[in-house]
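Okay, here's what each chain looks like letter by letter:
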Amino acid sequence: MAGILNRDLLQKRVDKAREAAFDELSFAVVKIAKQRAPVRRVESGGPRARYKTAPTSLKAAAFDAAKQYKYRANRQRTALEARSRALTSLYEARVRVRRRGEGNRAIVLGQFTRTKARSVRVAATRGAPRMSIASKRGFKPASGVGGYAGIFGGYEGANKTFMNSLTSRGRYELRRQKNSAVVALDKLGKITTVPANVHQIQLGGRLKASIDVLNQTDTSVVVGTTVPYALYVEFPTSHNAAQPFLLPALKTVKRSVRSVVKKHLLAQGLVVKG
Amino acid sequence: MLTNLAPIKQALVQKLRSNAELKSALTGSIHEGFAPTGTAYPRLTYGIHYAPLDYTWTSMTVEVGMDVFVYSENSVEADNLDALVFATLHDAELEVNGQSTLICRRVSSLSLPDSNEEGRKIYQVGGVYEIWTHQLLPTTATSSFSADAVVV
């Protein structure tokens, strides 16, 4: 049986396989990078601290320390020292119970984690048709796009409860974005369909939201971010340790390049050896 | 017994400290991640950037990307120190406990001028060094035997 090699058809299939492999690999890099990218904390609060009474020996040591406090360095007793002693005796030298992973725990609101969630959050929607009704009610948690979504009448109309629930960073971001149309992303980082007249304000996750395929040619795909401070997150600075998100993602996906390319070539009916 | 990444970090610092010139020039010493506030310049920081593990049936290879940066208030000094770090680490044989080093190479370079808490300009120069180490995985030994019993 003789086969006729159709070079054009072969090239088309190879191109198709390459495109599909590029798509799959770049999507994987974007996904992992998004998972790793840190999100600034924009909402205050958190799990309430739990305390237990200190063991006798520790309690005695704490009382002694509090009593000795005023004599240290021959200083006069100040209000702070008095407060320290009063607190020590009032709370009987309580010890804070630190639970495993406490620092990373978040308040759970419905199915979404709020306080230190690493997902992109959409705080509110402005200019929505329901705005006039919503502005009377102030901030209202509602099931919508992104971690938690609520509708209120713009920054000026945001009620105090909502504003107080934000960290200073959250309030800053809200002020900064009040007049800008910000693309909202859902929990998985996909762009949601936003009506033309609705401007969405996104709090936190600017870096995470910006990670995407920046450029794609026949032979290369560039995954990255356009956020100017990304470099100072990926690499350490004189103030902060690095929080790498892009290179680890690339390294994780790198090992599967061969198998992904092979899979897509096979899908196009091309025989792959090796 | 599988060893973790600690011996790799240890070997890297050991190598850096083995360069007497570099060691004496780093007034602010060597720190992991970041240096505490008030640490003197010049100083060096290192940290793991990525570390995927590759397994075969009998062995494991770790590709560790290590950020190594020097910080100085003087750009020339920062460049000189970076050159010393490069000379010390690039293609060096690290003595990693329980693992054999395959390569240790600089794979990227970066220069990030910044300002410190006092508003003074700080020159941050360095890059990512890729270290590949290899170690054999513990294998399960199998054997078979038979025994004859003689009842007297």
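Values in this document were obtained by computation on a predicted structure and should not be read as measured data. (Residues numbered from 1 in each chain as written. Chains lettered and ligands numbered in written order. Predicted model: local features only at pLDDT ≥ 70, side-chain atom pairs only at ≥ 80, totals over all residues. Heavy atoms only, no water.)

A. Geometry of the interface of chain B and chain A. Contact with chain B, which involves 25 residues of that partner, is made by 17 residues of chain A. Together, the buried faces of chain B and chain A total about 1600 Å²; carbon and sulfur atoms form 60% of this surface. Among the residues of chain B in contact with chain A, His49, Tyr50 and Leu112 of chain B are the three that bury the most area, contributing 30% of the side total. Here chain B and chain A share three salt bridges between them. In this structure, Lys251 of chain A engages Glu130 of chain B in a salt bridge whose closest nitrogen and oxygen atoms are separated by 3.0 Å. In this structure, the connection of chain B to chain A is made through seven residue pairs in polar contact (both at pLDDT 80 or more). When residues of the side of chain B that touches chain A are traced back to their parent elements, those giving at least two are strand S2 (43–50), strand S3 (53–55), strand S4 (59–72), strand S6 (114–115) and strand S7 (121–136) of chain B. (Contact = heavy atoms within 4.5 Å. Buried area = accessible area lost by both parts, 1.4 Å probe. Salt bridge = Lys/Arg side-chain N within 4 Å of Asp/Glu carboxyl O. Polar contact = N/O pair within 3.5 Å; in protein donor to acceptor, adjacent residues only side chain to side chain. Helix = DSSP H or I, 4+ residues; strand = E, 2+ residues; numbered from the N terminus.)

B. Region of interest: the environment of His134 of chain B. All names here are of chain B. Tracing the backbone through its elements, the reader meets His134 in strand S7. Taking relative accessible area as the criterion, His134 reaches 24% and is therefore assigned partly exposed. Sequence-wise, His134 and Met60 are 74 residues apart; in three dimensions their C-alpha atoms are separated by 5.8 Å. His134 has contacts with Ser59, Met60, Thr61, Gln99, Ser100 and Leu102, leaving out every residue within four places of it along the chain. Looking at His134, its side chain comes within polar contact range of the side chain of Ser59, at 3.2 Å. (Buried < 20%, exposed > 50% of the residue type's maximum accessible area, 1.4 Å probe, protein only.)

C. Main features of the nonpolar core. Counting 29 residues, the largest nonpolar core has Leu12, Leu16, Leu44, Val68, Val85, Leu89 and Leu94 of chain B as the members making the most contacts within it. Contributions of two or more residues to this core are made by helix H1 (6–18), S2, S4, helix H3 (75–89) and S7 of chain B. Broken down by element, the residue count for this core peaks at six residues, all from S4 of chain B. Beyond its immediate chain neighbours, meaning those up to four positions away, Leu44 of chain B contacts Leu16, Leu26, Ser29, Ile30, His31, Val68, Phe69, Val70 and Val85 of chain B. Grouped together as the second largest cluster of nonpolar side chains are 15 residues, Ala37, Ala230, Ala249 and Val260 of chain A included. (Core = buried A, V, L, I, M, F, W, Y, C linked by side-chain atoms within 4.5 Å.)

D. Region of interest: the packing of helix H1 (residues 7–36) of chain A against helix H11 (residues 257–267) of chain A. All names here are of chain A. Two elements in contact, H1 and H11, have axes whose closest approach is 8 Å; the angle formed by their N-to-C orientations is 140 degrees. The orientation of H1 with respect to H11, classified from their angle, is oblique. In this structure, H1 crosses over H11, and the sense of that crossing is right-handed. On the side of H1, the interface is formed by Ala17, Ala20, Ala21, Glu24 and Leu25, while H11 contributes Val257, Val260, Val261, Lys263, His264 and Leu265. Here the residues of the contact of H1 with H11 are counted per class, giving eight nonpolar, one polar and two charged. (Axes fitted to C-alpha atoms, helices over the stretch in contact; angles between N-to-C directions. Parallel < 35°, antiparallel > 145°, perpendicular 65-115°, else oblique. Left-handed = near helix turned anticlockwise from the far one by under 90°. Nonpolar A, V, L, I, M, F, W, Y, C, P; charged D, E, K, R; others polar.)

E. A look at the pattern of salt bridges. With the rule as written, the count across this model stands at 10 salt bridges over all chains. Salt-bridge contacts for Arg105 of chain B lead to Asp91 of chain B; the nearest nitrogen and oxygen are separated by 3.1 Å. Taken together, the residues Arg105 of chain B in strand S5 (residues 100–111) and Asp91 of chain B in the loop between H3 and S5 connect sequence positions 14 residues apart. One connected set of salt bridges, linked through shared partners, spans Asp15, Arg18 and Asp218 of chain A.

F. View of H11 of chain A. Residues and elements named next belong to chain A. Residues Val260, His264 and Leu265 constitute the buried set of H11. For H11, the buried positions fall inside an angular range of 130 degrees around the axis, keeping them on one side. Lining the buried residues of H11 we find H1. Directly after H11, the chain includes Gly269, whose backbone phi takes a positive value near 80 degrees. (Arc of directions from axis to C-beta.)

G. Representation of the confidence of the model for chain A in the model. All names here are of chain A. Counting all residues, the mean pLDDT for chain A is 65, and 43% of those residues have values of 70 or more. Per-residue pLDDT stays below 50 along residues 100–159; that stretch engages in 139 contacts with residues further than four places along the chain or on separate chains. The low-confidence segment residues 178–198, where pLDDT is below 50, has 45 contacts with residues more than four positions distant or belonging to other chains. (pLDDT = per-residue confidence, 0-100.)

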